Every structure is written in structure tokens, then in C-alpha cells.
Amino acid sequence: MLLPVFTLKLRHKISPRMVAVGRYDGTHPCLAAATQAGKVFIHNPHTRSQYFSAPRVSQSPLESDVSLLNINQAVSCLTAGVLNPELGHDVLLVGTQTNLLAYDVYNNSDLFYREVADGANAIVLGTLGDVASPLAIIGGNCVLQGFDHEGNDLFWTVTGDNVHSLALCDFDGDGKKELLVGSEDFDIRVFKEDEIVAEMTETEIITSLCPMYGSRFGYALSNGTVGVYDKTARSWRIKSKNHAMSIHAFDLNSDGVCELITGWSNGKVDARSDRTGEVIFKDNFSSAVAGVVEGDYRMDGHVQLICCSVDGEIRGYLPGTAEMRGNLMDTSMEQDLIRELSQKKQNLLLELRNYEENAKAELSGLPNEADGQRDVIPANTRLHTIFSVNLGSETQAAHTELCVSTSNDTIIRAVLIFAEGIFAGESHVVHPSIHNLSSSICVPVVPPKDVPVDLHLKAFVGYRSSTQFHVFELTRQLPRFSMYALTRPDSASEPISYVNFMITERAQRIALWLNQNFLLPEDTNIQNAPFQACFTSLRNGGHLCIKIKSSGEITINTDDIDLAGDIIQSMASFFAIEDLQVEADFPIYFEELRKVLIKVDEYHTVHQKLSADMADNSNLIRNLLVRAEDARLMRDMKTMKNRYMELYDLNKDLLNGYKIRCNNHTELLGNLKAVNQAIQRAGRLRVGKPKNQVITACRDAIRSNNINTLFRIMRVGTAPS
Amino acid sequence: MDLALNRADYLQVGVTSQKTMKLLPASKSRATQKVVIGDHDGVVTCFGMKKGEAVAVFKTLPGQKIARLELGGVLNTPQEKIFIAAGSEIRGFTKRGKQFLSFETNLTECIKAMHISGSDLFLSASYIYNHYCDCQDQHYYLSGDKINDVTCLPVERSPQITPVLACQDRVLRVLQGSDVMYEVEIPGPPSVLALHNGNGGDSGEDVLFGTSDGKLGLIQVTTSKPIHKWEIRNEKKRGGILCMDSFDIVGDGVKDLLVGRDDGMVEVYSFDSANEPILRFDQMLSESVTSIQGGCVGKDGYDEIVVSTYSGWVTGLTTEPTHKESGPGEELKINQEMQNKIACLRSELEHLQYKVLQERENYQQASQSSRAKTALSSISINDKFTLNKDDASYSLILEVQTAIDNVLIQSDVPIDLLDMDKNSAVVSFSSCDSESNDNFLLATYRCQANTTRLELKIRSIEGQYGTLQAYVTPRVQPKTCQVRQYHIKPLSLHQRTHFIDPDRPMNTLTLTGQFSFAEVHSWVVFCLPEVPEKPPAGECITFYFQNTFLDTQLESTYRKGEGVFKSDNISTISILKDVLSKEATKRKINLNISYEISEVSVKHTLKLIHPKLEYQLLLAKKVQLIDALKELQVHEGNTNFLIPEYRSILEEADHLQEEYKKQPAHLERLYGMITDLFIDKFKFKGTNVKTKVPLLLEILDSYDQNALIAFFDAA
């Protein structure tokens, strides 16, 4: 059994996911972690009595070998590592919602302190692609930014939604690192510098990512799932009712391959084999795990796995030695294996007995009336499922419907659907009251996003009075665009926004794509090109028209730019299109965007003005304070009182000002997010190279504040030369 | 706890009931003992361990489910005759497996409990107790509530035969002949009885009892009165007790108490010089421990605790060290044994898999024909639905002999389903359309592989009644699911008690009409938990209840044509009135309902609530402050500047938070009950005060006892 080689109990709380080990003086590894009240603590057990005394750093009053670093803002991400190779020691990087600080702990100096308007939700340090110097890459609201040690912004791109996790991993095996980005829209995107090379859709917000080995990487979701991907294919995943707080790759059993170490919200730490997900080690903390890192914390040449709990408990584990033969748990493996095999045997025996009983029941051939009591159903009972579009009624909104029915007089007691991402939880249950039982049940399904979803159905089939039911299990895939109902073409309601592009595919192939991705009535048959198909969205009643000309030109009319992007991406993957240039016009959306851009300018101005005001006020404070103290020394109590009253009023003003600043800032953030999303959306309308061109060009246009060029780029896909 | 025991699995048989495994006495001293176990398939298996392999001595043919297994024999000789109770029959086997006795009792119900001593046989079915001597009927007793276990003080040491019955109504009944000598009240429903030290202790009169809510105790049953020796409360909220044995596992010359619980906990208590029990060892197994005994099975010279579990595993917790600490040569040998065992199992599995595949194909083919039927095999499910007194919530425990795939929980009454930390299953709440389909709760539990036991906590609201259903799907092909139903009664938070405080101001509800004793009893069963379903003997009956949440009480006395219910809580009376009139109307019985309301009782109930409410409010306030205070502590470095009150909060922070976590929504529940009290008080006066409820909530928000009482008086 593997036991911790050291255990520490610090009297500071540790914020989840914000732990890093660094050699801030070049030799001694120290643990840095974010704690309460906008502080970062550095635990330095090696060089006692040597303390930094500077405005930022103070010694912790609670612990002798801990120093505290004042950030004065809630820390949102933290890491440590080599940012400047010439420096010879590690740098601590601390991100907040507005700033990024690169701090040299040893010299007690800032490498840089940059304002980042989009916030820093996640941070990763390392080399990216062909960029020579190490970069501190932060992910904020839809934006990725990379800084070198001087604070120069060497990398910038946008992504689909707020970034929650980042990792560097050699995804395509070319020896250079790619950037993995997990964001709030459930996507993991892989950036080869600023080009997206792969996109994987998950079922929840991706909270953590970690490189494992080669092209393998681990991920964790906010719903308690952890798993491992190899390139774009998922090797395994498990789901727990607890949340994975932190994941890390570490070779705990000394077999040369890293295991996925997960720290859970219930205080459990487990190590899972990267191939199978099998647990090879576990331990428990008394409170949630805040972070899992590694480092040679005892300075004996061996790297330990270091796990920290939110209450400040820290445990270090050395990898198991060869004699342990990978056997890290306390019960012997053989015992467990025997138990597992016996369980399997028992299951098989039970199944056999089931069949025997069945054979017996068949032979006896009981009369029908007794069937209900004996829970016997005809063996040829089949379950049919049909997807259809329900246009809704006065009491019910329009939705997609899954109808489940049996092939005879048996009834369906209940239907359970397990699917991720379309229900509030992971399952949806329909359980009719005893009076409403019948042989068919319709389940309304309203997927919130246009993604294909696998529905795992379990239907309990039996008779009215049964106390036991047969469980029919089957899996159905909900088409991607199931929330769109086919309607008659009607030029009057045709949206004015459109995208237009050329593909070289036969009409039959396009019809096949339509059939696979939309719920078309059975009698729909699509003749040769040209043809057009019109749909109405069940969510908001918006219209969608897809027109195919015999020349292979396709026009999609919709006011929903996201939908257009989804359709183009879906078509591109179906027809294996590598590059696609698209002409697009979304007048309504562009008009909104124009307003947003104007607003951004306004907020910027307000922000500057408020900052100036604040500077003025702080001067005034200094002034008043000095004068008040003067008065006190002169024993002029009346003046002193007046000065302090003024000071109090000023303080109130400042507080109000701060509130305004806060509001202004959130508004600004929201609008900036909208702008970033617009760029991302414009990119999604194209495929391959044109897509990257659009994103880069848009960014340049925003930098040069050229709004008209921006819209032109979004329309035609290239910058005017 | 210096006791270290290592787990070794021996054999798996079918599903087992409580107290169905015994160790046969060793033939020579210090030789290994044989295990004998009876399962639900009716098979008695006797086996010994040879070189780490289970070697069967004998195995009987399948038959009726075995409810109990005991050893017996002529007094003062080795007790090595095996007796089993299956259905209404008692069978006896020699230790070689030869059947020497088959005794068909005249009981109409299945035998639930058995005790054997020499030629005396003590049996009990659900409500009936019978004593036989040499298979001749001697004595008979009909109990008022279910009998869970039976034992008898050692015959050789006492002048007369003194059987003791453990009855569900929290009473041990000590008999003499066919009559009750006296009743012993104990703190929970007893589930198991055992003689202390296996022989009744020094006096020969000491009886151990274990309750289904996890309490343990020792009582000396003297000829005149019971003497309570000690009691262990269930502080850690562990499972109910299923089996006990006395055996010196610690090796200090004093027999220790071994305890098996229904949550898989095995515990060892040893006794100090004052004969008080101390917990020395505990280990968690994954499923209910149905039988426990100390002895020596695995290896000569090493004592061990042998347990059997619900799904039929016989497991030893042995003092033999694991192979890691033994010599290098030995380790290899043990490994070799293990390897053989694994290889053997694997080949067995392969064979089975092939057979199953064939059968599966046959099944598929058979299902093509239109005449064929598919029946369901019943996989046994062990369930328990009980009220916890400590936090006034119900716990539902489901245990299946094989792994559970998923469980669907459905309820047609509003209840709160709380997740338990020890469950690993992923719970998901589904939206439900309550109007059309009577669903107030739909939740699925998707279990991880190898989960055989699931525990849920449910909070009910008094006055809201209906049914909770659990659809359990085990992970066995062809997949089937079983439904279990649990009634949430109108007065769901009430618990039976033995006495009530007669000085409290009481409200009275009187029913008169043309109804039989059985009818009025069925209404009481419908309204209140822990009432025997069978109408008790006698013309008039009185039950006492206590509200586990508020500690208010209820007395119900009824006979043919009349029922009187008295409670100091006006809401209890109001609920009873509503439910009873509804039930009577349903059955078209003309009922006269009259009530006497005592104004003082409302004030009295509020006073009962007051300390609870005040405690909760204070706790909530303190917990709210903890984080802020901790931050201050980090800022300032010490706590000297804080006032003592805040300093004490910081010192007790962990304890406070734990306390707060233990009782989620406690405050909301108290508010709800005060609101009910308010509405009910005025309902009896004929005024509807629902409009004033927001005002009441406002007063509660800034709680002050006098203001609240004044509001109740004024409104």
C-alpha cells in the first residue's frame, strides 16, 4: 500500500485549482497557492529565516515558513514556471479578472503587470508551436492571449466561449506543442498556434485539461466526468456524482506511463490507468481536494505527487517501487480479482436460471388471465420508436417528440431516457399515473443546442398489475437539427440574411445529408437539383431556407448566424470539405454588432474618466489626512472633526465610484465578449484556411478600429487588399 | 484499536437470511472448524477450508427458503447437530449431512425465529410463539406485534424455562409457560437476541439485544424484574444490528462481543474491568452481515471472525497475517494457491459463458414465435424503510443479491430526496408534470459497477400522504425491474412510544359511529407508522406515539364504535380529522367527529418548538460568520482583538459546520410546522387565516418568542 511520504497541515485555505510548485530561487521548490482575501501564499520549508520584506510580501502571522503575497483582488488563476530562460529561476504568474502579474519572487520584482480586459480564467505556461520563447497563455472571455517575459502580446486568437481550462500538448505528434482549450460551450478546441485543427464536443463545461503522454490528454467536466482522449478519440471516461477539482498526469506505479490523478470534491484522490480508467490507487482527504501538482519537495532527487486540500492539508506521495509491482492498494489484488470473478460467475448463473425459468414457463403454457400476476409477457413483444416534430398547442410549446410503443397489448409503465446535455440532469423520466397506462408513450424532447445526441432508452414493459417489468434497452440518435420543422417554401417569409457558397456534390448526396440531420416526414422525396427546403425553428419560429442550384451553388437563408455556422460545419464534415470560402450577409446581426462596438467605445471612455477621477480623489485623501492630523497635533479638534467628516464623505463618494466602475466593467466585459463571439461566428461560417484568414483579418480590423472593414471581412471573408 | 484483522473470502452460496451460518465445534482442540450455512434456495452447505480451498463436506438438495439455522444436541455434549427452519418445517442433520429429523409444526405461518436447547425447541412465526419439547407442543403465546427473535435463558442453569421474545413494538417479552411474566421496554425495535458470553453470563440471566436502529444493550432477566446493565447508542448512525456472537478474538481471556450490521459493518467490543463494552475494531463490508461467529476456519492456530453476508459470501476476518509479512518462501506458496484458484475460476467462467451464450441464442429464437412467453425470474431484493428519530427523516435501503444497474424513485407526494455521501451512484432529478400524472418526484440513480446496496434519505411532510415507489433494475440479462412500494403515512413523523406525559394540555378528537374494531384499527394503521397490521387481541386498545421532530405526543384509544385521539399538537389532530373523514366517506361509513380544542395547547407547542428554533437560528447565524471571521484571522494573525463570543465561534468552527450540515433545511421545516399550527388553530375556529401567513413569516424572520405567541393570540 502506498503511503504519503510527507503530510503538512497549513493553516491557510487553498482556493481550488490554484496551486503551483516552482523553484523561485532556482533551487528550492516552493508551493504557491491562492488563498482567501485576495492573497497568494508561498510555502517555503527549505530556507527558513530568509524572508522577503517588501510592499507586496509579508510573513504569514499564522505559519512560520509561509509568506503572503497581496494581490488585493480575487485570484482567478495561478501557475509557476520558466518564463524567461535567462533568469535561471521560476516565475510566479497570477491572473485576476482584470490583470495578469508575472512576479519574480526571488528578486521581489514584477516582470510585468498587464491589464487584460477579457480576464484570465485559466493560465498555462510553456512553448507553443514555433514561437521561440516560453509564453504565459491566458484564457478569458472568448479570448486567448500569450505573453512573453516582457509582457509582449505575441499570441492572440478568439474561441467560441469563455475559456475554463488550458493545456499544452503535442496533439499531432510533430514535436511542437499545440494548445488545448476547454470552454463554456462544452467544446475542446485544439489550436496549432492560431489555427483550429480539431474540435471535440463534450457534454458539459470543461473545467480541467492535462497533457498525459504523446497525443493523449486528460479532461474533466463540471458534471463529474473525467476521461482521456487520444487525439480526437475518447479512450475512456467515467462519471461520478462528485466533481473533479483538479487533474494531473503522474506515473505513480513506476511503469513508465503516466496515470491520470484526479482530486475530487469529496476529498478523494484517485489514480487511474490512462488506457482503461481502472483505479490503481486511491486515498482520502477530510475536505475537498484543491490541487494536484508534482515536485521534488523533499529535495532528495525524487519527484513526488503533491495533493492539497482546500483546508490546507498537503500530502506528498512517492511513486511505488518496483517490488510493489503496481500493487498500490491495501487489499491484495488477487482477493479482489477472485471477488470480481465470483461476482461474474454469480451473474451468469443467475442469467442461466432466468432462461431455465423461462423454459419452464413456456412448457407449462399458462392461460392468459394469470399472466398479469406472473408477469409473463409474449416473447415476441417488440418496442418501436419514432421521432417526430410536434408543432405544439396552446398549452405546450413546440418540441421534438419521441414516441415509444409496444407491438401488442402490453403496457409501458415508465420510460427512462439517459442522455447528456439535453435535460437538467442526466436523465428524463416519464411515469404515467396508473389510470393513464397504455401501450405507447410520447416523450417530449427539447435539445437546447443543435448537436446530435445519443438517447439511451429504458422502457419498463409489462401489464397493469405487474410488480415486475421487462426492461427494453435501446439507443437512438437524435439528429442534429431536430428542432426544425419542414414547411412549404414561402418567399414572403424568407429571411434576408444569407450565406452563399459552392460545393461540388450531387444533389442526392445533399438530400442524404438533409435526411440524416433533419427530421423529415417520411413522404419527403427530393428530386434533382435545383431544389429548396424550408424549415421553421421550433425554438423561436425563425425561418431557414436551403436552396441548391444545379451549378452546385448553395444559399442558406436564416437570420441566425449560429445556425448558419452549424449547418456549414455539419456539411463540411459530412462532405469532407477542407477549405470553403463563403459569402455572407447578416444585416440585422451586423447592425447589432455595430451598436455593440459603439458601446464598447463609450464604456472605454467612461472607464478612463472614472480612473482619472479616482486618481484625483486619492490625492485629495492624502491631502485631507495630512491636514486632519495637523489639526489634531495643533489640538484644533473642531477642524480635525471637519476634515474627518470630509474624509468620510469622500470615502462614500469613492465607494459609489467603485460601484459605478464595477458596473461599467461588467457591461464592458459583456460587450467585449459579444465582439469576440462575433469574430468567432464569422469564422465558423468558413472552413479551413478561409476561416483562419477571417479571424486574423477581423482582429486586425478591430485593432485599427476600422469598423467598416470589419463588416466587409465578415461579408466576403477576406481583407480588402 | 490494536486489533488487525485481514479479510479472506471463502465461498459464496445463495442469498442468506439473518442467523443462518454456524461453525461446527472442532473435533480435536485447535483444529479448524467446519462452516455450515443455509440459503434462500433451501440448500444447507457444510464446508471446511483445506489449503485455502473450500472443500464441501455435504450439500443438501434445494427446497424452501431457510429462515434460521441453529446447532443443538444433548445438553453438556458438543452441540453439533444442525437444525434448520424452512417454511413451517424443522429439519435436523448430523454433522455428516444425514437427515435425522423432519418435524412439520402445526404453525400456519412460516417460521421466522428459532432457538434450541437440548430437547427444547422454541419457535416463532410472525405473531405466534410456540415451545416444543421432544417435538411435543408445550406452550403457546400470541404476541401483539411481530416477533423478530426468540431466545431462552440457559435451561441447565435456571430452575425454570424462561424464553424471551424480541417484539417489534420495542419490547422484550419474558415468558413463563404460555404467559407473559413481564415486559422490558427498550429504546428501539429489537432485531436480534443473544445470550451474553454464549451462556447468559455469570448469573445465567444476561441477554444481549440489538435493535434495527443500531442500538445494543445488555439486560439481566431476573425472575422478578429486568435490570438494564448497559446500552450503546448508535452515535455514528450505523446500520441496524442483524447478528451477535461472543468470542475472545482479542485474546485477553474475556469473551468479546462480535456484532454484524445491515450496512456491512462488523464490530468487536471488548469489556473493561467494570464490564463496560469498548469498541476495539470495526470494518466495513459491502453488504449486510447476516450471521457472525468467532472461531477458527482458515488456518489452524489463527482465530478469526467468520461472517456471512446477504448475497451469500462466507468471509473470514482472520488474525493470520497477510503474506507480505510472512517469509519469502511462504509468500510464493500462497500466491500459487491464489493463482490456482483464479485459474480454476476462469475456466469455470469460460464454460459458463459458453453455456449462457447458447441459452441466449435459444431465448432469442424462442422469442420469434408468437406463442412463446417470457417470464421473469425473481432476483431477491432486501429492503428496509425506517424512520430515523435523530433527524426525523426516513431512510430507504435497497440491497440486491447482484449488482444494481439503476433505480427509479417515483413518488406521488411531495417529499425531499436527500443524497447520502456514502452512495457512489449518480443521481439525476427529472422534471415531472404533476397535474396529469401524479408525479411529485422522479429521480434516477445510475449505479457504478458492483454496487449492490443503495441508501437514500427521504424527508416527508406530515399531512401529505401517498406512495413512494422504487423500480430496481439489477444488472442481469435479460433485464427486468422490480417495483417496491412504501407508504408515506399522514402522520409519518410519529413513532411508537411506551408512555406519554399526562400533564400536557391535550386536544381531543372523538369518533363515534357504526364501525367495527377491525375497521377503526385499519384507519389507525393507515394514518400512523409502526402499528401492527393485525388487530390486536382485546376489545379496547391504546397506542402512544411521539412526534420525532417536535416531541409532541399522541394517544389513541379505540374500540368498536368509538375512537379517541388526544394530542398536545393541534396540527396532529387536524390531520387526523381530515384523513379520517376522507377515509370514512370513501367507505361510506357515517362518522360522528367531535373535537375539544385546548387553547393552552398552542402556546404549549410553541414553547416546545422555542428551544429548537432558537438553537437553529443561532447556529445559522454563527455558521454565517465563520468565513468572515476566518478571513479576519488571516489578516490580523491572531484573534485577540475579537470579542470572546466570536473567538469561541472560531474555535468551534468545525463542530458548528458539521452540526449545520447534519440538519439541512431544519429551520424551514420548523417554519412550516409553525405555519401549519397557525392555520390549524384557526381552522378549528372556522376562520381561514391563509392571508395572514406572510405576516407570520415576517415575525419568524425576526424571531422572538413572545412576539410570536402574541401574534398567535391576536390574530
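Because the structure is predicted, anything quoted here is derived from the model rather than measured.

## Section: the UniProt feature "domain: BBS2 GAE" (unreviewed entry) in chain A
At step 1: Within this structure's numbering, the places UniProt gives as "domain: BBS2 GAE" (unreviewed entry) are residues 396–481 of chain A.
At step 2: Overall, residues 396–481 of chain A shows 0% helix and 55% strand. The separation of its end C-alpha atoms is 20 Å.

## Considerations on the pairing of strand S35 (residues 440–445) of chain A
All names here are of chain A.
At step 1: In S35, alternate side chains face the same way, and those of Ile441, Val443 and Val445 are buried while those of Ser440, Cys442 and Pro444 on the opposite face are not.
At step 2: Alignment of strand S32 (residues 399–406) against S35, held across six bridges, turns out to be antiparallel. What sits directly across from Glu401, in S35, is Pro444.

## Some remarks on the confidence of the model for chain A
At step 1: Overall, the prediction assigns chain A a mean pLDDT of 83, with 92% of residues at 70 or greater.
At step 2: Across chain A, the secondary-structure element scoring lowest on mean pLDDT is helix H2 (residues 371–374) of chain A, at 47, and the one scoring highest is strand S20 (residues 216–221) of chain A, at 91.

## What about unusual backbone geometry?
At step 1: Non-glycine residue A:Asn108 carries a positive phi angle of around 50°.
At step 2: Its relative accessible area of 25% is what places A:Asn108 among the partly exposed residues.
At step 3: In this structure, B:Glu530 takes a positive phi of about 65° despite not being glycine.
At step 4: Mapped onto the elements of the fold, B:Glu530 is located in the loop between helix H3 (517–527) and strand S41 (541–547).

## Quick word on the UniProt feature "domain: BBS2 C-terminal helix bundle" (unreviewed entry) in chain A
At step 1: According to UniProt, the positions carrying the feature "domain: BBS2 C-terminal helix bundle" (unreviewed entry) are residues 689–715 of chain A.
At step 2: With 89% helix and 0% strand, residues 689–715 of chain A has its two end C-alpha atoms placed 16 Å apart.

## Observations regarding the environment of B:Gln283
All names here are of chain B.
At step 1: Of note, Gln283 is situated in strand S25 (residues 277–284).
At step 2: With 274 residues separating them along the chain, Gln283 and Asp9 place their C-alpha atoms 14 Å apart.
At step 3: Discounting chain neighbours no more than four positions away, the residues touching Gln283 are Leu5, Arg7, Gly264, Met265, Val266 and Leu317.

## Observations regarding the interface of chain B and chain A
How big an interface is tends to be stated in terms of the accessible area lost upon association of its parts.
At step 1: Each side of the interface is counted separately: chain B has 85 residues, and chain A has 69 residues.
At step 2: Of the roughly 7,100 Å² buried between chain B and chain A on both sides combined, carbon and sulfur atoms contribute 55%.
At step 3: There are five salt bridges connecting chain B and chain A.
At step 4: B:Glu348 is the partner of A:Lys345 in a salt bridge, and the nearest nitrogen-oxygen pair spans 2.8 Å.
At step 5: With 19 residues, helix H1 (residues 328–368) of chain B is the largest single contributor of residues to the side of chain B that touches chain A.

## Some points on the sheet that holds strand S11 (residues 122–126) of chain A
All names here are of chain A.
At step 1: Taken together, the four strands give an open sheet; going across it, the order is S11-S12-S13-S14, and neighbouring strands pair in antiparallel fashion. Strands with a single pairing partner mark the edges of an open sheet, and in this sheet they are S11 and strand S14 (153–158). Shown here is a sheet whose adjacent strand axes are inclined to one another by a mean of 15°, direction ignored.
At step 2: Pairing between strand S12 (residues 135–139) and strand S13 (residues 143–147): four bridges, direction antiparallel. In the strand pairing of S13, Gly139 is matched with Leu144.
At step 3: Running at roughly 70° to S14, helix H6 (residues 637–684) makes contact with S13 and S14 of the sheet.

## A word on the pattern of salt bridges
Side chains that differ in sign of charge can pair as their charged atoms come close.
At step 1: Counting across every chain of the model gives 69 salt bridges over all chains.
At step 2: Between A:Glu426 and A:Lys239 there is a salt bridge, and its shortest N-O distance comes to 2.7 Å. Here A:Glu426, found in the loop between strand S33 (411–418) and strand S34 (427–430), pairs with A:Lys239, found in strand S22 (residues 233–239); they are 187 residues apart in sequence, far enough to count as distant.
At step 3: Residue class for A:Glu426 comes out buried when judged on its relative accessible area of 7%.
At step 4: The salt bridge partner of B:Asp213 is B:Lys215, with a shortest N-O separation of 3.1 Å.
At step 5: A single salt-bridge network, built from bridges that share partners, covers A:Asp185, A:Asp187, A:Arg189, A:Glu199, A:Arg480, A:Asp566 and A:Arg684.

Rules and cut-offs
Every chain is numbered on its own, with residues counted from 1 as its sequence reads. Numbering of ligands from 1 and lettering of chains from A proceed in the order in which they are written. Predicted model: local features are reported for residues with pLDDT of at least 70 only, side-chain atom pairs are reported and counted for 80 or more only, and whole-chain, interface and lining totals are derived from all residues. For the side-chain quantities, the full set of heavy atoms in the structure was used; hydrogens and water were omitted. UniProt positions are given in the numbering used here, feature names are shortened, and annotations may be inferred rather than shown by experiment. Counting from the N terminus, the helices are DSSP H or I runs at least four residues long and the strands are E runs at least two residues long. When accessible area is computed with a 1.4 Å probe and restricted to protein chains, residues below 20% of their type maximum are described as buried, those above 50% as exposed, and intermediate ones as partly exposed. Strand pairing is assigned whenever DSSP detects at least two bridges linking the two strands. Per-residue confidence from the predictor is reported as pLDDT, a score between 0 and 100. Residues are treated as being in contact if the distance between any of their heavy atoms lies within 4.5 Å. Joining two parts hides part of their accessible area as seen by a 1.4 Å probe, and the buried area is that hidden amount summed over both. Salt bridges are defined as contacts in which a side-chain nitrogen from Lys or Arg sits within 4 Å of a carboxyl oxygen from Asp or Glu. For helices, the axis comes from a line fit to the C-alpha atoms of the stretch in contact; other axes are also lines fit to C-alpha atoms, and the angle between any two N-to-C directions lies between 0 and 180 degrees.

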